[in-house]
Amino acid sequence: MISRAGQPERVLSGMRPTGRLHLGHYHGVLKNWVELQNEYECFYFVADWHALTTHYEDDNLDMGEYVWEMVIDWLAAGVDPAQSTLFIQSKILQHAELSLILSMITPLGWLERVPSYKDQQDKLKEKDLATHGFLGYPVLQSADILIYGATKVPVGEDQVPHIELSREIARRFNFLYGRDPGFEEKAERAIKKLGKKGAKMYRQLRVAYVERGDQDALDRAQVFVENNQNITIGEKERLLGYLEGGGRMILEEPEALLTQSPKLPGLDGEKMSKSYNNTIALRDDPRRVEQGLRAMPTDPARKRRNDPGDPEKCPVWELHKVYTGRDVHAWVQDGCRTAKIGCLDCKQPLIDAILQEQKEILDRSQQYTDDPTLVRNIIADGCERAREVAEDTLEEVRSSIGLVYY
Ligand code: TRP
Ligand code: SF4
């Protein structure tokens, strides 16, 4: 089904403001966000309410600072406010309204089955996550997505079940509220406008799909309707909805865009993660970065300079894979295995590459750290734009349910 017929597809993603971003976020998420800007209309937001679902008791969660630092990190990474809409979740109250409405139609069992519900409770034992907000957080996330009619949601593997849930919620909503009275008659009227031959073909293909589940017939009918010049966009939507048996589509089903993230080791050789305290921040002090990398553990077999090593057993090699090119790779592979190079030699081109990358990031951030009002204005503009889109969706949602009073 297509509801925003002919318009560019939208991307939406959010990030929790729980601390400074690091190189793991950069290579895993932000570079991808930056690329998507060229292809889609992108909405990126600070998920401050989401942070509360797990950190509501956390005294150290200084959102007043983290929110702005995170937005500067995005901008420094190359997220472009002229191309993308950047905003803060809690500034768009419509998210809360849609979430509330969706919570009415979401069966409890769907939420209890979301894998992260049990996983996180087991993992974060020190926190009391037996709350309404934590159980319902995938509903809020569904509202975040559906409110912008986003069709593509870049996320990591762990978030895929949440996107799946938002598809199910959208489908259920459309099923419950997408059948306005008189829908069939209106569809019939639109069918007549397809012309004699066109109408006949549409009916045959529809029957083939609705009664026999013929997917090919559905595909053909969709192409036929989309390319038809004689009908309005509204009629197009109606006919596309009618094809699948149901009514009008109010909330569009999104799709996860799986982000492949390289596994980036931290300064202690374990996976880079805030909870291990081993990160290189996106905007870090170059001296700290250099010292940290020089002290980073390597293949334990290389106790002395003359001991040969194996890059496959060395976290530094994982960083080389991300940061250096073929020639350097060949030099490392040979030099390490034959002990022709020492570990500090090996690390130097890596240090250079990371510092170079960070210099570009720091340079881009400079104007924002010099003048914080720039960031405030970017977010104010983004919020205004997001609010307009969100309110449009909510008007449709309210009226489809009958929550309109004159
Ligand atoms: N739940 C996501 C996380 O914890 C953040 C998030 C909230 C999000 N709403 C979203 C991501 C909507 C994508 C789309 O990382
Ligand atoms: Fe690791 Fe390089 Fe040392 Fe080999 S030479 S152990 S790859 S740091």
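Note that the structure is predicted; figures quoted are calculated from it, not measured.

## Looking at the overall build of the protein chain
Scanning the protein chain from N- to C-terminus turns up 18 helices and five strands. Taking the principal axes of its C-alpha atoms as reference, the protein chain extends roughly 85 × 45 × 40 Å. In the protein chain, once contacts between residues fewer than 6 apart in sequence are set aside, the share between residues at least 24 apart is 77%. Summed over its atoms, the accessible surface of the protein chain is roughly 20,600 Å², and 50% of this surface lies on carbon and sulfur atoms. Positive and negative side-chain charges in the protein chain, numbering 53 and 65 respectively, have mean positions lying 4 Å apart.

## Thoughts on the site of ligand 2
The environment of ligand 2 is made up of Thr298, Asp299, Arg302, Pro311, Cys314, Val316, Val332, Cys336, Cys343 and Cys346. In a pocket analysis with a 2 Å cut-off to the grid points, ligand 2 is assigned to the largest cavity. Sorting the residues of the shell around ligand 2 by element identifies α16 (326–337) and α17 (343–370) as the ones contributing at least two each. Residues that form the shell around ligand 2 fall into these classes: seven nonpolar, one polar and two charged.

## Here we look at the site of ligand 1
The environment of ligand 1 is made up of 13 residues, and the closest members are Arg16, Tyr137, Gln141, Asp144 and Gln159. In the model, a nitrogen atom of ligand 1 is placed 3.3 Å from a nitrogen or oxygen of the Tyr137 side chain. Within the side chain of Gln159, an N or O atom sits 3.1 Å from a nitrogen atom of ligand 1. Calculation on ligand 1 without its partners gives an accessible area of 360 Å², and the protein chains cover 88% of this total. Those elements that provide at least two residues to the shell around ligand 1 are β1 (10–15), α8 (137–146) and β4 (152–155). When residues of the shell around ligand 1 are assigned to their parent elements, the largest contribution, four residues, is made by α8. Among the residues making up the shell around ligand 1, the classes are represented as six nonpolar, five polar and two charged.

## Digging into the domain arrangement of the protein chain
Domain parsing of the protein chain yields domain 1 (10–177 + 254–262 + 371–401), domain 2 (183–243) and domain 3 (283–370). Domain 1 and domain 2 are separated by 35 Å when their C-alpha centres are compared.

## Here we look at helix α11 (residues 196–212)
Across its 17 residues, α11 extends 24 Å between first and last C-alpha, which sits within 8% of the 24 Å expected from 1.5 Å per residue. Taken as a whole, α11 has its buried residues at Gly198, Ala199, Tyr202, Leu205, Arg206 and Ala208. Buried positions along α11 lie against α10 (183–192), α12 (215–227) and α13 (233–243). Once α11 ends, the next one or two residues include Gly213, with phi positive near 70°.

## Let's talk about the pairing of β4
The alternating pattern of β4 places Lys152 and Pro154 and Val153 and Val155 on opposite faces, both of which are buried. Bridging between β4 and strand β5 (residues 255–258) involves four bridges; their strand directions are parallel. Bridging from a neighbouring strand, Pro154 pairs with Leu257 of β5.

About the criteria used
Each chain carries its own residue numbering, running from 1 in the direction its sequence is written. To label them, take the chains in the order written and letter them from A, then take the ligands in the order written and number them from 1. Where totals are concerned, whole chains, interfaces and linings use all residues; where local detail is concerned, this predicted model gives features only for residues with pLDDT of at least 70, and gives and counts side-chain atom pairs only at 80 or more. No hydrogens and no water enter the side-chain calculation; it runs on all heavy atoms of the structure. Helix numbering and strand numbering both begin at the N terminus, where a helix is a DSSP run of H or I of at least 4 residues and a strand a DSSP run of E of at least 2. Contact definition: two residues touch when any of their heavy atoms are within 4.5 Å. Areas reported as accessible are Shrake-Rupley estimates using a 1.4 Å probe. Residue values count occlusion only from the protein chains shown. As used throughout, the charge tally considers Lys and Arg to be positive and Asp and Glu to be negative, leaving His and the chain termini uncounted. The atom standing in for a charge is NZ when the residue is Lys, CZ when it is Arg, CG when it is Asp and CD when it is Glu. One heavy atom within 4 Å of a molecule or strand makes the whole residue count as near it. Points on a 1 Å grid, built from protein atoms alone, make a cavity when a 1.4 Å probe fits but cannot get out and make a pocket when they are open with protein on both sides within 12 Å along at least 5 of 7 lines; residues with an atom within 4 Å of a point are the lining residues. Criterion for pocket placement: a molecule counts as inside a cavity or pocket if more than half of its atoms are within 2 Å of its grid points. We call Asp, Glu, Lys and Arg charged. Ala, Val, Leu, Ile, Met, Phe, Trp, Tyr, Cys and Pro are nonpolar, and the rest, Gly among them, are polar. Whenever two N or O atoms come within 3.5 Å, that pair is a polar contact, provided that in protein one can donate a hydrogen and the other can accept it, and provided that, for residues adjacent in sequence, both atoms are side-chain atoms. All the domain ranges listed were derived from an automatic or database domain assignment. Between the first and last residue of a helix there are one fewer steps than residues, each counted as 1.5 Å, and that sum is the expected span. Whether a residue is buried, partly exposed or exposed follows from its accessible area with a 1.4 Å probe, protein chains only, as a fraction of its type maximum: under 20%, in between, or over 50%, in that order. Think of it this way: DSSP has to see at least two bridges between two strands before they count as a pair.

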